[in-house]
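Architecture and fold: a report
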Amino acid sequence: MENKFKLIENPAEHISDIKDYIFRIISNWKWFLLSILIALGIAYYFNISAQKIYGLQTTIAVKEKQNPLFSSGTSIAFNWGGVSDKVESIRKSLISRTHNEKVVKALKFYIEYLKEGRFRKEDVYGKTNFEINLQPNQYQLLNTLIKIEFMDAESFKLSVDFDTEASYNLINYKNDSLKKITFDSKNFTQTFLNNEYINLPFLKAQIVFKNTSKSLKGTSFFIRLKTINQTTGKYKNVRAKGLAGTSLVELSLTGPNKNRIVDYLNKTVEVLAAYELEQKTNYAYSTKEFIDAQFKNTSDSLKLIEDNIGKYKQQNSIYNLSAEGGEIFSQTLGLDKMQQQLTDRIAYFENLENYIKTNSNYSKIPAPAIINIEDGSIAGMVGKLTELSIQKEKLANEVTASHPSLKLINEDIETARTVLLENLASLKEVTNVNLVNSERRLNSYNYQLTKLPNKEQKLLNYQRKYRLTESNYVFLMQKRYEADIAIAATVSNISVIDTAKDVGQGAILPRKQFNYMIALLLGIILPLFVIIAKEILDSKIHTVEDIERISPIPILGVVGKNLATNNLAVFLKPKSSVAESFRALRSNIQFLFNRNIKNKSKTIVVTSSVSGEGKTFVSINLATVFALGGKKTILVGLDLRKPKIFGDFEIDNEIGVVNYLIGEEKKENIIKKTTIQNLDVITSGPVPPNPSELLIGLATEELINSLKEEYDYIILDTPPIALVSDAIELVKYADSTVYVIRQGYSERGMLKMINEKYSKQEITNISMVLNDFKVKSKYGYGYGYGYGYGYGKYSNGYHEEEEKSFLGKLFKRKNKK
């Protein structure tokens, strides 16, 4: 028969292992329950203590708006039109620091209104019946809590706690300047009347009440001032998201106070709309200022010419032109106007050409405010160049200079610039030709004018100047009127679709259900990890299955936990489950003896891996159960290094095996009777200096052979096999060897040596006993039935009652009642 240990690949065994593992995990349900309760408790505390965060939104539409009464040729403000992609510009503006600073200043959000809460000081902005107005251009205490207690309906107490060793900052919000201040007193307290001006070295302000009918008596609040930068930094989380495929922008903001969020979102849209409108009308305002200046000069010139004509007529007694003079006047008047227009156009073309050649940023190309350009392609080309330039500015902030998209837009700008300059050159050339032709015709009429009398010539020149100036006057008046209407008719490109409003929205943080779910998962996972880690790192032997997995040596039986006062468990409690397990061992061990010694004396060696595994306990009770069965039995203590068995039988250890082996005593003198019938004991005796040498001597063999003649069973209590070699030497005397393993104490690795000896057949007829076994559901089914250890709840009435836990005793007491 081959006794080598083999692993059998059996699916049924794998399933059993999985079930066993699941049972082990489930058996720790108390830890799971405790962990889940603790995790849920932590989640509950977090849910009630964490600051509630709310989220609100507002939606705006971004669309270029122009008054339908005006075309692009007459509208002062929008000669070049607008850039189509406004949404991204608006989105960037909304999250910019400059814009948010304006909103913070407009709302005075640098003033914090706080109230003592359960877990922290809560922001009560919008929930107070008062507000504090800071005096402008004054220094105020920064980043320090100022407590306001309302004593009664007419007064309040202002108090501040200072650190006399520290210096504090004062801020002037007009220019954001700071200065230091120190305080000699640790506590400052002063009472003020309602609406009284607070004039303190660190605070100059006034408390203004919103509703005088609502009493604040007995309430306390805190005021804290922050810098503009500190406050603006808190609102950098404003999200401005463009909705795909639309010109809509959704603004969202989160925070602990819904009133602040509502006011901030609505104010940020209001500030943005005002800024956009201001930018949109800037061109019209600057144009109107220019027109007003020109209009005043033209008006003065017109009045001066009119006065000169009147004086000239009186002085020269000439009031009307002759028929020939009137004809010349009517012809030259139209030419004068044409020449003026052509001259203005050439000046604008040169100005525009110079701007394009000397600038690289074409987003602010000067528009022809008061010049009518007949060729509409110029306006289109300037608009395209402007749009491309703005797109380049946006793209340059997002990509590097070598990015392909930026290179492509630079090429488009260069192409548009070249085409525009070529068109300007062509237009300027055509306009110069028209100007030369106009001058030639005008010179022809001027020649005819020289044929008229001198008085009539001068009067005609006066009238030509007057009519030309009058024409400019009317033109400027019309343009000023257009500019006024353009300013009045201009509306912001921003329109509100859905304002921010508190309609009872719940907090978005903390997410209570999610936190409870996470707590539940952690309550399960954490102990599961601990249990799995403990199982993986656990090198102890706990069950019969553990032994079967790591050793081919057969298992003789299982012995339960000894609850007796000493090791005489079978003798003291013969009806206990432990006693019954030893009876099962007595029966099972009979199958291990050879047939040729069936009616002869039998020697049983009891050993273990290390000390503390219950080897002596098994030896004593195995000997006891044979003796109580009517067999003449002797227990021999051969653990010479650590003798034990004498104490349980209340006998001395002055003489024993050692004395016989060294020849001091005879066999009859070392055998001692016990109180147990049929059981004798030979103790180890005094500890010798050479135990191994004594045990391998001939005296040991003579002693055992002599005992076989007198006793049915000889139980040898030997030293641990993994610590000393004594037990290996004594195995040769054994008809059967019992190897003791203790539950939860013996290491799996300890069986390696005995497995090797068994595999090499150096030790035969050996079996294992699992000692100190306690049935636990986490270690499978216990295998108590097959190996003689109890029947669980079904053993009631057959065994003496074992010691119960406090809860077991308590339930038993209740049941008796």
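Up top is the structure.
Residues numbered from 1 in each chain as written. Predicted model: local features only at pLDDT ≥ 70, side-chain atom pairs only at ≥ 80, totals over all residues. Heavy atoms only, no water.

Section: the overall build of the protein
What counts here: By the criteria applied, helices consist of DSSP H or I runs no shorter than four residues and strands consist of E runs no shorter than two, each listed in order from the N terminus. Under the scheme applied here, a residue whose accessible area is under 20% of the maximum for its type counts as buried, over 50% as exposed, and between as partly exposed, the area being computed with a 1.4 Å probe on protein chains only. Should any heavy atoms of two residues lie within 4.5 Å, those residues are counted as being in contact. Accessible surface area values rest on a Shrake-Rupley calculation with a 1.4 Å probe, where residue burial reflects the displayed protein chains alone.
Summing up its helical and strand segments, the protein has 23 helices and 24 strands in all. Burial analysis of the protein (817 residues in total) assigns 44% to the buried set. For the protein, the share of sequence-separated contacts (at least 6 apart) that also reach a separation of at least 24 residues comes to 79%. As presented, the protein carries roughly 44,300 Å² of accessible surface, and 52% of it is formed by carbon and sulfur atoms.

Quick look at helix H3 (residues 87–94)
Note the threshold: This arc is taken over the directions from the axis of the helix to the C-beta atoms.
Residues of H3 that are buried: Val 87, Ile 90 and Leu 94. The buried residues of H3 occupy one face: seen down the axis, they fall within an arc of 65°.

So, the side chain of Gln 743
Rule in force here: Distance and chemistry together define a polar contact, namely a pair of N or O atoms within 3.5 Å, with one atom able to donate a hydrogen and the other to accept it when in protein, and with adjacent residues in sequence counting only for side-chain atoms on both sides.
You can see Gln 743 is positioned in the loop between strand S23 (736–742) and helix H21 (751–759). Within the local environment of Gln 743, its side chain forms a polar contact with the backbone oxygen of His 542, the two atoms lying 2.9 Å apart.

Some words on the nonpolar core
Using the following cut-off: We define a nonpolar core as any set of buried Ala, Val, Leu, Ile, Met, Phe, Trp, Tyr and Cys residues linked to one another through side-chain atoms lying within 4.5 Å.
Ile 60, Phe 130, Leu 134, Phe 202, Ile 223 and Tyr 264 are the most contacted members of the largest nonpolar core, which totals 63 residues. For this core, the leading source of residues is helix H6 (residues 258–316), giving 8 residues. Apart from residues lying up to four places away in sequence, Tyr 264 is in contact with Asn 100, Val 103, Val 104, Leu 107, Phe 109, Tyr 235, Val 238 and Leu 253. Leu 556, Val 559, Leu 635 and Val 769 belong to the second-largest nonpolar core, a separate cluster that totals 36 residues.

Focus on the packing of helix H14 (residues 577–589) against helix H15 (residues 615–628)
Definition in use: Lines fitted to C-alpha atoms define the axes here, with helix axes fitted over just the stretch in contact, and angles between the N-to-C directions of these axes take values from 0 to 180 degrees. Small angles under 35 degrees read as roughly parallel and large ones over 145 as roughly antiparallel, with 65 to 115 read as roughly perpendicular and the rest as oblique.
Between H14 and H15, the least distance of the axes is 9 Å, while the angle of their chain directions is 75°. In terms of axis orientation, H14 runs roughly perpendicular to H15. On the side of H14, the interface is formed by Val 578, Phe 582, Arg 583, Leu 585, Arg 586 and Ile 589, while H15 contributes Phe 617, Val 618, Asn 621, Leu 622, Val 625 and Phe 626.

Some points on the environment of Ile 741
Mapped onto the secondary structure, Ile 741 falls in strand S23. Since its relative accessible area comes to 1%, Ile 741 is described here as buried. Residues within four places of Ile 741 in sequence aside, it is in contact with Ile 541, Ile 547, Glu 613, Ser 746, Leu 751, Met 768, Val 769, Leu 770 and Asn 771.

Structural notes on the pairing of strand S24 (residues 766–773)
If a strand is regular, its side chains alternate between the two faces of the sheet. Basically, it comes down to this: In this scheme, strands are said to pair when DSSP sees at least two bridges between them.
With respect to burial, S24 is a largely interior element, 8 of its 8 residues being buried. Sheet analysis places strand S17 (residues 555–560) next to S24, joined by 4 bridges and oriented parallel. Considered in S24, the bridge of Gly 560 is made with Phe 773. As defined by bridge partners, S23 adjoins S24 across 6 bridges and the pair is classed as parallel.

Side note on the sheet that holds strand S9 (residues 177–182)
Taken in spatial order, the 3 strands of this open sheet run S5-S8-S9, and their pairing is antiparallel. Of all the strands in the sheet, just strand S5 (139–141) and S9 have a single pairing partner and so form its edges. Going from strand to strand, the sheet's axes swing by 40° on average, the running direction of each strand aside. Here strand S8 (residues 167–172) pairs with S9 via 6 bridges, running antiparallel. Residue pairing in the sheet places Asn 172 in a bridge with Ser 177 of S9.

Things to note about the sheet that holds strand S15 (residues 248–255)
Taken in spatial order, the 4 strands line up as S14-S15-S1-S16 in an open sheet, and their pairing is antiparallel. At either end of the open sheet lies a strand with only one pairing partner, and these are strand S14 (239–242) and strand S16 (494–498). In this sheet, adjacent strand axes meet at a mean angle of 30° when their direction is disregarded. The pairing of strand S1 (residues 54–62) with S15 spans 8 bridges and is classified as antiparallel. Looking across to S15, one finds that Gln 57 is bridged to Ser 252.

Things to note about the environment of Ala 50
If you trace the backbone, Ala 50 turns up in the loop between helix H2 (29–49) and S1. Owing to a relative accessible area of 15%, Ala 50 belongs among the buried residues under this scheme. Along the backbone, Ala 50 and Arg 120 are 70 residues apart, and their C-alpha atoms lie at a distance of 9.5 Å. Non-local contacts of Ala 50, meaning those with residues more than four positions away in its chain, are made with Tyr 45, Arg 120 and Pro 510.

Description of the packing of H2 against helix H11 (residues 512–537)
The condition is simple: In this scheme the crossing of two helices becomes right-handed for a clockwise turn of the near helix relative to the far one and left-handed for an anticlockwise turn of less than a right angle.
Relative orientation of the contacting elements H2 and H11 amounts to 150°, with a least axis distance of 8 Å. Here H11 runs roughly antiparallel to H2, going by the angle between their axes. At the point where H2 passes H11, the crossing takes the right-handed sense. Taking contact as the criterion, the partners of Trp 31, Phe 32, Ser 35, Ile 36, Ala 39, Leu 40, Ala 43, Tyr 44, Phe 46 and Asn 47 in H2 are, on H11, Lys 512, Asn 515, Tyr 516, Ala 519, Leu 520, Leu 522, Gly 523, Ile 524, Pro 527, Leu 528 and Ile 531.

Overview of the pattern of salt bridges
Basically, it comes down to this: Should a side-chain nitrogen of Lys or Arg be within 4 Å of a carboxyl oxygen of Asp or Glu, the pair is scored as a salt bridge.
This structure, assessed with the given rule, holds 30 salt bridges. The salt bridge partner of Arg 120 is Glu 122, with a shortest N-O separation of 3.4 Å. Judged by relative accessible area, which is 28%, Glu 122 ranks as partly exposed.

Structural notes on the pairing of strand S13 (residues 220–225)
Bridging between strand S2 (residues 111–116) and S13 involves 4 bridges; their strand directions are antiparallel. In the sheet register, Leu 114 faces S13, and the bridge partner there is Phe 222. The pairing of strand S6 (residues 146–150) with S13 spans 4 bridges and is antiparallel. Residue pairing across strands places Ile 148 opposite Phe 221, the latter belonging to S13.

Looking at the packing of aromatic side chains
Definition in use: The criterion for an aromatic pair is that two Phe, Tyr or Trp rings (for Trp, the six-membered ring) have centres within 6.5 Å, with stacked assigned to planes under 30 degrees apart, edge-to-face to planes over 60 apart and tilted to the rest.
According to the stated counting rule, one finds 23 aromatic pairs in the structure shown. With a centroid separation of 3.7 Å and 15° between ring planes, the pair formed by Phe 162 and Phe 183 is classed as stacked. Pair noted here: Phe 162 is in the loop between strand S7 (155–161) and S8 and Phe 183 is in the loop between S9 and strand S10 (187–193), with a separation of 21 residues, a long-range link. The burial state of Phe 162 is the same as that of Phe 183; both residues are buried. When the centroid spacing of 5.5 Å and the interplanar angle of 75° are considered together, the rings of Phe 162 and Phe 202 count as edge-to-face.

Re a nonpolar patch on the surface
Going by this rule: Within this analysis, patches are made of residues with over 30% relative accessible area and no salt bridge. Like charges are joined at 9 Å or less; nonpolar side chains (Val, Leu, Ile, Met, Phe, Trp, Tyr) at 5 Å or less.
A cluster of nonpolar side chains, namely Phe 514, Met 517, Ile 518, Leu 520, Leu 521, Leu 522, Ile 524, Ile 525, Leu 526 and Phe 529, defines an oily patch on the protein surface of about 850 Å² accessible area. As for its placement among the helices and strands, Met 517 is situated in helix H11.

Let's talk about the environment of Ala 396
Its location among the elements puts Ala 396 in helix H8 (residues 376–396). Separated by 10 residues in sequence, Ala 396 and Leu 406 have C-alpha atoms that sit 7.1 Å apart.

Overview of H21
Along H21, the residues that are buried comprise Leu 751, Ile 754, Asn 755, Lys 757 and Tyr 758. Down the axis of H21, the buried side of the element spans an arc of 165°, and every buried residue falls inside it. Check the buried side of H21 and you find it contacts helix H12 (544–550), helix H20 (726–730), S23 and S24. At the exit of H21 stands Gln 761, carrying a positive phi of roughly 65°.

What to know about unusual backbone geometry
Comment: phi is negative for the bulk of residues other than glycine, and the bulk of peptide bonds are trans. For the peptide bond that leads from Leu 509 to Pro 510, omega is -5°, which places it in the cis range. With respect to the secondary-structure elements, Pro 510 resides in the loop between S16 and H11. Phi is positive for Asn 143, which is not a glycine, with a value near 55°. Topologically, Asn 143 is positioned in the loop between S5 and S6. Here Asn 143 falls in the partly exposed class, since its relative accessible area comes to 35%. In this structure, Asp 176 is a non-glycine residue whose phi angle is positive, near 60°. Note on Asp 176: relative accessible area 39%, which makes it partly exposed.

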